[in-house]
Amino acid sequence: MSDPFFHPVSGFDLPRFAGVPTFMRLPHVDPDNPRFGDVDVGIIGVPWDSGTTNRAGARHGPRQLRDMSTMIRAQNGANGVRPFEVLNCADLGDVPPNPIDIMDSMNRITAFYDRVLAAGITPLTAGGDHLSSLPILRSLGKDAPLGMIHFDSHTDLFDSYFGGSKYTHGTPFRRAVEEGLLDPKRVIQIGIRGSAYDNEDLDFAAAVGIRIVRIEEFFARGLDDVIAEALDIVGTAPTYVSYDIDFVDPTFAPGTGTPEVGGPNGFQALQVARLLKDVNIRGADLVEVSPPFDASGGTAFLGVSIIFEILCAIAGK
């Protein structure tokens, strides 16, 4: 029997527009809560965008994602998975960032996730810009490098910005490979597209063995075939899933900092996450939702729906 404490509040008991919003209407269980050690999967907000190089606003993402997540119900409509009956899930709150200090914020994020991992909890993250992934990986990948399935329109493999700045939302996975947090031969990046400064990121990927699937190949082959390749690349070892909302075409997800046209639609955005059920997911993030560019909340609703699909993939094994 599943623990009723960890069940979300039903819309039949309290209207979805009422109550204090938590992720998916789950209980708020911070690291000092006596039930913290009973959590299987924790959803964590990282309200931080100090790595942003263009349109800021992703620091407001976790709050809007929480609000829109009140629309998530207990059962997956496509596959019937009921994750809250299989796993003890909770909203673990937000990492408290330092908005004026990148290095201190990354240390704070890593320390928070160290506590989460020490309790045996699988973290699902709502960002925040994509630099958030690096301090998370410093916790998850500290003992052994992880594989990664990465959905994005950008590789985030650049070395530096503005004459030597090493820590931006365009550099996290270059740093993660250099620090031994990711095994590059078990990394696949899907959906890459758009105009470019140069080929520096692609050259680095080729040199270390990262597999890049550009959007043209994604559409030519079909998502089932591409995800099947992704499963072969990461294998059965622990894997991180990183999902930038700008993987999705801005027609369907305009609320992001660096949109790129020509991407997947909303259904395809959910389907690629739904196909991850055979992945050994050590952790996952959904990043770059920027509410100032979509006050309606549609981008955030798609984002939290993707988080729910990843949660169902973990529960449906």
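Note that this is a predicted model, so its numbers are computed, not measured.

Peer 1: Whenever I open this one, the nonpolar core confuses me. Can you help?
Peer 2: The nonpolar side chains of a soluble globular protein tend to be buried, and buried together. Residues Met24, Phe151, Ile190 and Ile306 are the most contacted members of the largest nonpolar core, which totals 55 residues. Element by element, the count of residues in this core is highest for helix H10 (residues 298-315), at 12 residues. Those residues in contact with methionine 24 that sit more than four places away from it in its chain are Pro8, Ile43, Ser69, Ile72, Phe84, Val304, Ile307, Phe308 and Leu311. In terms of nonpolar packing, the next biggest core, distinct from the first, is built from 38 residues, Phe6, Leu131, Ala205 and Ile212 among them.

Peer 1: Please clarify how the environment of alanine 220 should be interpreted in this entry.
Peer 2: Structurally, the position occupied by alanine 220 is in helix H7 (residues 215-221). Placed 207 residues apart in sequence, alanine 220 and aspartate 13 show a C-alpha to C-alpha distance of 46 Å.

Peer 1: Would you mind showing me how to read the pattern of salt bridges here?
Peer 2: Side chains bearing opposite charge may pair, as long as their charged atoms lie close to each other. On inspection of all chains with the given rule, the structure shows 23 salt bridges. The salt bridge involving arginine 66 is made with aspartate 91; its shortest N-O contact spans 2.8 Å. One end of the pair, arginine 66, is in helix H1 (residues 61-68); the other, aspartate 91, is in strand S2 (residues 89-94), with 25 residues separating them in the sequence. On the basis of relative accessible area, arginine 66 is assigned to the buried category, the value being 11%. Aspartate 159 is the salt-bridge partner of arginine 175, the closest N and O atoms lying 2.6 Å from each other. Taken together, the residues span a long stretch of sequence, with arginine 175 in helix H5 (residues 172-178) and aspartate 159 in the loop between strand S4 (146-151) and H5 at a distance of 16 residues.

Peer 1: Explanation requested: the packing of aromatic side chains in the structure shown.
Peer 2: Each pair of aromatic rings is reported with the distance of its centres and the angle of its planes. Under the counting rule described, the total for this entry stands at 11 aromatic pairs. When the ring of tyrosine 161 is compared with that of phenylalanine 162, the centres are 6.3 Å apart and the planes differ by 45°; the resulting orientation is tilted. Here the aromatic residues Phe151, Phe218, Phe219, Tyr243 and Phe247 are joined through ring pairs into a cluster of three or more. Over the face of the ring belonging to phenylalanine 204 we find arginine 174, whose NZ or CZ atom lies 4.1 Å from the ring centre.

Peer 1: What exactly am I supposed to notice about the environment of arginine 63 here?
Peer 2: Relative to the assigned elements, arginine 63 resides in helix H1. Under the relative-accessibility criterion, arginine 63 is labelled exposed at 71%.

Parameters and conventions
Residues numbered from 1 in each chain as written. Predicted model: local features only at pLDDT ≥ 70, side-chain atom pairs only at ≥ 80, totals over all residues. Heavy atoms only, no water. Core = buried A, V, L, I, M, F, W, Y, C linked by side-chain atoms within 4.5 Å. Buried < 20%, exposed > 50% of the residue type's maximum accessible area, 1.4 Å probe, protein only. Helix = DSSP H or I, 4+ residues; strand = E, 2+ residues; numbered from the N terminus. Contact = heavy atoms within 4.5 Å. Salt bridge = Lys/Arg side-chain N within 4 Å of Asp/Glu carboxyl O. Phe/Tyr/Trp six-rings, centres within 6.5 Å; stacked < 30°, edge-to-face > 60°. Lys NZ or Arg CZ within 6 Å of the ring centre and 35° of its normal.

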